[in-house]
Amino acid sequence: MSRSLLKRLVILRHQKYHEHILKRCVSVSSCKNNISNNILSNTEKIDIPRVSLSEYVFGKSEPYGEFVAFECPLTHLKYTNAEVRKYSRNLSKILRAKLGLNKGDVVLIYLPNCPQFPIATLGCLEAGVIASTVNSLYTADEVFRQLKDSSSKIIFTTCDLYATAAKAASALPKKIPIICIKTKPEQLLPQGAIDFYELIKTTLDIPDLEPPRFEDAAILPYSSGTTGLPKGVRLTHGNIVANLTQSSHPSVDFFESASGNFQEVTPGVLPMFHIYGFTAATIKLMTKGVKVVTLPRFQPETFIDVLKNYPITTIFAAPPLILFLTHYPDVKVEYFKTLKNVMSGAAPLGASDEEKFKEKAGKHVSIFQGYGLTETSPVVSLVTPSLTRQFPNDCKGSIGRVLLNTEIKFVKLDDKSGTALPPHEKGELLVRGPQVMEGYHNNPQATKDTFLGDWFRTGDMGHYNENGFMFITDRVKELIKVRGFQVAPAELEEILRSHPKVADAAVVGIPDEISGEVPRAYIQTKGDVDTKEIYHFVADKVAKYKRLEGGIEVIKDIPKNASGKILRRELKDRYLSEQNA
């Protein structure tokens, strides 16, 4: 069979798949693209396929089977889209037949960015198993907390992280299997671990499983929501399929599909365990045949090497990475010659920072902002290429316009009626759409508290203008955003209070030029204490970005209201006024 005929057959099969998809579509209503009753929505109405996430991704990626989907620049290990499909299917059968997992079970994905990450995750989804992604920087204590809360039955990790994973798992009442990935050729598999490669290369002759339902939970990342300790966010297959469909619409999608000798390339530096990195910068890119060059963590030297050695066309970033690209002297202008687009998310990027980056990168590079949350799968709004051409001034510093099939309104704080505010009036942003989560895992009270009717309360403050462009200005939520990562004050306060010399504690985020924010602690003590000792006590128990880099201050009393709630805003305002004095 000729190569051209084979390619035509693949495309034909792809078309038949989409005929199948259309038969399973559900229409999701969408209001007109205006500001009707001060509610922002989009004109276009799109159909959301009622399929599982793996069905959607593998159906869309099938025409790009021969293209490399993921490549590690450090080891040069790479997988094509066809190999990702094959190995995910093999893994799904092993999980069911050999490891005894059933539909609805939870598996912990404790991995850095690597070509194996999507195989592990999609293999779980193919098996009807929920994938709970966890930060690869977490300590054993942090991993244990998520293991326990999610009731995970297996851990996927690497040889480098095995000791931490094993320590976390040892605190569980029952031993669970740990599947381990060797990321370097010379590595030996830890004793007691299961070899990932043996699993994915084993073919079992058992029937495929009926795909999960549209309504079934698929991904279980953890977020602190508007306050409190991290909570499992139950994102269904339908939530993420909806968000992929919304963000792939021609009106907002800026990727060109792979064909012939052309393929877009992006550095996979956004953490895949984070929903922004998973949905927007990993899974979606498979559906367009984009190559993702995976970086296990951000390091200036390796990131610059990727810019130099690969024809990068798009970069997904959080604001600190934009600042790095703008100001770091070793990032040369010539490294941007193939770059077309930069998408910034996870935290607001100022208009002046946008301009400074464009001055360095060149006029041929477009920079966009988007807005989303873990609870919204994540994308809610975007700036698009067409919007930057039509409304260049509105787009500066904006999170864009609302996504298709999505509604947004701003309401006054504590307004139980949910009355939408007019343009330019500051309020809390509320969202309604098919990408909004099912709820928090095993936490009905937190779920109830975060919804106002069927509107999801984001905890972010902002406003919009007459053209429907939205701007985020502040947060109601007490989360601290460090380099785009969430840090929950309550988590650090709990650790501080566990120190024998700390009677009470409060943690706030303070401004930082590099990280955006860093945590600062206020402690009430039992006698004399050494704040350096307290700092290291916390540092040993948390990921690096959660460390108290904003300092520790001993105070007489922690300010609280009549019901005992810590008045963190009061402490933050006091700090800012002292700095400005």
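Bear in mind the structure is a predicted one, so any value in this text is a computation, not a measurement.

A.B. asks: Explain the sheet that holds strand 19 (residues 366-372) to me, please; I cannot follow it from the model alone.
C.D. replies: Strands in a sheet are paired, the pairing made by backbone hydrogen bonds, and the direction either parallel or antiparallel. As summarised here, the arrangement of the 5 strands in space is 17-18-19-20-21, forming an open sheet in which the pairing is mixed. Here the strands that pair on one side only, and so sit at the sheet edges, are strand 17 (314-317) and strand 21 (401-402). As paired strands, strand 17 and strand 18 (residues 341-344) are joined by 4 bridges and run parallel to one another. When the bridges of strand 18 are listed, Ile315 appears paired with Val342. Here helix 9 (residues 275-286) sits on the sheet and contacts strand 17 and strand 18; the angle it forms with strand 17, its principal contact strand, is near 160°.

A.B. asks: Would you take a moment to explain the pattern of salt bridges for this structure?
C.D. replies: Pairing is possible between side chains of opposite charge, provided their charged atoms come close. Applying the stated rule across the entire model yields 29 salt bridges. Between Glu428 and Arg457 there is a salt bridge, with its nearest N and O atoms 3.2 Å apart. Taken together, the positions of Glu428 in strand 23 (residues 427-432) and Arg457 in strand 26 (residues 455-464) put the pair 29 residues apart, joining distant regions of the chain. With its nearest N and O atoms 3.1 Å apart, the salt bridge here joins Glu517 to Lys572.

A.B. asks: Would you explain the packing of aromatic side chains in this entry?
C.D. replies: The geometry of an aromatic ring pair is captured by two quantities: the separation of the ring centres and the angle between the planes. Evaluation of the coordinates by the stated rule reveals 18 aromatic pairs. Geometrically, the ring pair formed by Tyr64 and Phe67 is edge-to-face, given 6.5 Å between the ring centres and 70° between the ring planes. Classification of Phe67 as buried rests on a relative accessible area of 15%. Ring centres 5.9 Å apart and planes at 20° place the aromatic pair Phe255 and Phe316 in the stacked group. Taken together, the positions of Phe255 in the loop between helix 8 (237-247) and strand 15 (265-268) and Phe316 in strand 17 put the pair 61 residues apart, joining distant regions of the chain. You can call Phe255 buried: its relative accessible area is 6%.

A.B. asks: For this particular structure, what's the right way to read unusual backbone geometry?
C.D. replies: Excluding glycine, a negative phi dihedral is what most residues carry, and trans is how most peptide bonds are arranged. Each neighbour pair has its own omega, and for Ser377 with Pro378 the value is 10°, a cis peptide bond. Residue position: Pro378 is located in the loop between strand 19 and strand 20 (379-382). Even without glycine at this site, Ser377 takes up a positive phi of about 75°. Position of Ser377 among the secondary structure elements: in the loop between strand 19 and strand 20. Judged by relative accessible area, which is 0%, Ser377 ranks as buried. Positive phi is not limited to glycine here, since Asn405 has a value of about 60°.

A.B. asks: Quick question: what am I supposed to make of the pairing of strand 18 here?
C.D. replies: In the case of a regular strand, side chains alternate between the two sheet surfaces. The alternating pattern of strand 18 places Asn341 and Met343 and Val342 and Ser344 on opposite faces, both of which are buried. Between the parallel elements strand 18 and strand 19, the chain passes through helix 12 (residues 351-361) in a crossover that is right-handed.

A.B. asks: Help me out: how do you make sense of the pairing of strand 15 in this one?
C.D. replies: Of the two faces of strand 15, the one holding Val265 and Pro267 and the one holding Thr266 and Gly268 are both buried throughout. As judged from the 4 bridges shared by strand 15 and strand 16 (residues 291-294), these two strands associate in the parallel manner. Looking at strand 16, one finds that Thr266 is bridged to Val292. Taken together, strand 15, helix 9 and strand 16 constitute a β-α-β crossover, and its handedness is right-handed.

A.B. asks: What is the right way to read the nonpolar core from this model?
C.D. replies: When a protein is soluble and globular, its nonpolar side chains tend to lie buried together. In terms of nonpolar packing, the biggest core is built from 93 residues, with Leu53, Val84, Ile109, Phe156, Phe196, Phe316 and Ile408 touching the most fellow members. The element that contributes the greatest number of residues to this core is helix 9, accounting for 8 residues. If near-sequence neighbours (up to four positions away) are discounted, Ile408 is found in contact with Asn38, Ile39, Leu40, Val380, Val402, Leu429, Leu430, Val431, Trp455 and Met470. Within the second largest apolar cluster, 39 residues are counted, among which are Leu172, Leu496, Ala505 and Ala543.

A.B. asks: Help me understand the environment of Thr450 in this model?
C.D. replies: Turning to its location among the elements, Thr450 is positioned in helix 15 (residues 444-450). On a C-alpha basis, the gap between Thr450 and Val68 in space is 41 Å, while along the polypeptide they are 382 residues apart. When neighbours within four sequence positions are excluded, Thr450 is seen to be in contact with Met437, Tyr440, Trp455, Phe456 and Arg457.

A.B. asks: Mind showing me how you'd approach the confidence of the model for the protein chain here?
C.D. replies: Keep in mind that low pLDDT regions are not for reading the predicted coordinates in detail. Chain-level statistics for the protein chain give a pLDDT mean of 90 and a share of 93% at 70 or above. Under a pLDDT of 50 for its full length, residues 1-32 has, in the predicted model, 49 contacts with residues more than four places off or in other chains.

A.B. asks: When you look at the side chain of Ser247 in this model, what are you seeing that I'm missing?
C.D. replies: Tracing the backbone shows Ser247 in helix 8. At 2.9 Å, the side chain of Ser247 forms a polar contact with the backbone oxygen of Asn243. Discounting chain neighbours no more than four positions away, the residues touching Ser247 are Val252, Asp253, Lys284 and Leu403.

Procedures and definitions
Residues numbered from 1 in each chain as written. Predicted model: local features only at pLDDT ≥ 70, side-chain atom pairs only at ≥ 80, totals over all residues. Heavy atoms only, no water. Pairing = 2+ DSSP bridges. Helix = DSSP H or I, 4+ residues; strand = E, 2+ residues; numbered from the N terminus. Contact = heavy atoms within 4.5 Å. Axes fitted to C-alpha atoms, helices over the stretch in contact; angles between N-to-C directions. Salt bridge = Lys/Arg side-chain N within 4 Å of Asp/Glu carboxyl O. Phe/Tyr/Trp six-rings, centres within 6.5 Å; stacked < 30°, edge-to-face > 60°. Buried < 20%, exposed > 50% of the residue type's maximum accessible area, 1.4 Å probe, protein only. Right-handed = clockwise from strand over helix to strand, strands pointing away. Core = buried A, V, L, I, M, F, W, Y, C linked by side-chain atoms within 4.5 Å. pLDDT = per-residue confidence, 0-100. Polar contact = N/O pair within 3.5 Å; in protein donor to acceptor, adjacent residues only side chain to side chain.

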